[in-house]
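What follows is the residue order along each chain.
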Amino acid sequence: MPQLLFIAIVAGGGWLLYRKFVADAEKLARRRREQERERQTGAIGTLVKDPATGEYRVQREEE
């Protein structure tokens, strides 16, 4: 029985690591696509509208 519990914990940890890896890979791919689009258009950054104030600002990397 302890072996089964150990295998379940290792499998669960492996699954969590896999999901983290996939999420990071998707985030990097999205950032790369945005950078490529900005390079093609010659833009310095992407503007986003602040819903509270209605002003535009340059999008931060973590957004």
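Structure first, text after, so check above.
Conventions adopted
Residues numbered from 1 in each chain as written. Predicted model: local features only at pLDDT ≥ 70, side-chain atom pairs only at ≥ 80, totals over all residues. Heavy atoms only, no water. Salt bridge = Lys/Arg side-chain N within 4 Å of Asp/Glu carboxyl O. Helix = DSSP H or I, 4+ residues; strand = E, 2+ residues; numbered from the N terminus. Buried < 20%, exposed > 50% of the residue type's maximum accessible area, 1.4 Å probe, protein only. Patch = residues over 30% accessible without salt bridge, like charges linked within 9 Å, V, L, I, M, F, W, Y side chains within 5 Å. Areas by Shrake-Rupley, 256 points an atom, 1.4 Å probe, with all protein chains shown as cover. Phe/Tyr/Trp six-rings, centres within 6.5 Å; stacked < 30°, edge-to-face > 60°. Expected span 1.5 Å × (residues − 1).

### Digging into the pattern of salt bridges
A side chain of one charge can pair with a side chain of the opposite charge when the charged atoms of the two come close.
No. 1: Within the structure shown, the criterion is met by three salt bridges.
No. 2: Across the salt bridge formed by Arg 32 and Glu 36, the nearest N and O atoms sit 4.0 Å from each other. Placement of the pair is Arg 32 and Glu 36 together in helix α1 (residues 2-41), with a separation of four residues, close to one helical turn.
No. 3: With a shortest N-O distance of 2.6 Å, Glu 36 and Arg 39 are connected by a salt bridge. Taken as a pair, Glu 36 and Arg 39 lie in helix α1 at a separation of three residues, close to a single helical turn.
No. 4: Overall, Arg 39 belongs to the exposed group, its relative accessible area being 57%.
No. 5: Several salt bridges share partner residues, and in doing so they unite Arg 32, Glu 36 and Arg 39 into one network.

### Digging into a nonpolar patch on the surface
No. 1: Among the surface-exposed residues, Phe 6, Ile 7 and Val 10 lie close enough to one another that they form a single nonpolar patch of about 320 Å² accessible area.
No. 2: Within the fold, Ile 7 resides in helix α1.
No. 3: Ile 7 gets classed as exposed once you look at its relative accessible area, which sits at 53%.

### As for the packing of aromatic side chains
No. 1: In this structure the tally under the stated criterion is one aromatic pair.
No. 2: Both rings, one in Trp 15 and one in Tyr 18, keep their centres 5.6 Å apart while their planes meet at 35°; by these two values the pair is tilted. Taken together, the positions of Trp 15 and Tyr 18, both in helix α1 and three residues apart, correspond to about one turn of that helix.
No. 3: Overall, the relative accessible area of 52% leaves Trp 15 in the exposed class.
No. 4: Since its relative accessible area comes to 46%, Tyr 18 is described here as partly exposed.

### Points about α1
No. 1: When the terminal C-alpha atoms of α1 are compared, their 59 Å separation across 40 residues agrees well with the 58 Å that a helix rising 1.5 Å per residue should span.
No. 2: Backbone geometry just after α1 places Gly 42 at a positive phi near 80°.

### Here's the deal with the environment of Leu 4
No. 1: Residue position: Leu 4 is located in helix α1.
No. 2: Given the relative accessible area of 57%, Leu 4 is considered exposed.
No. 3: Placed 42 residues apart in sequence, Leu 4 and Thr 46 show a C-alpha to C-alpha distance of 51 Å.

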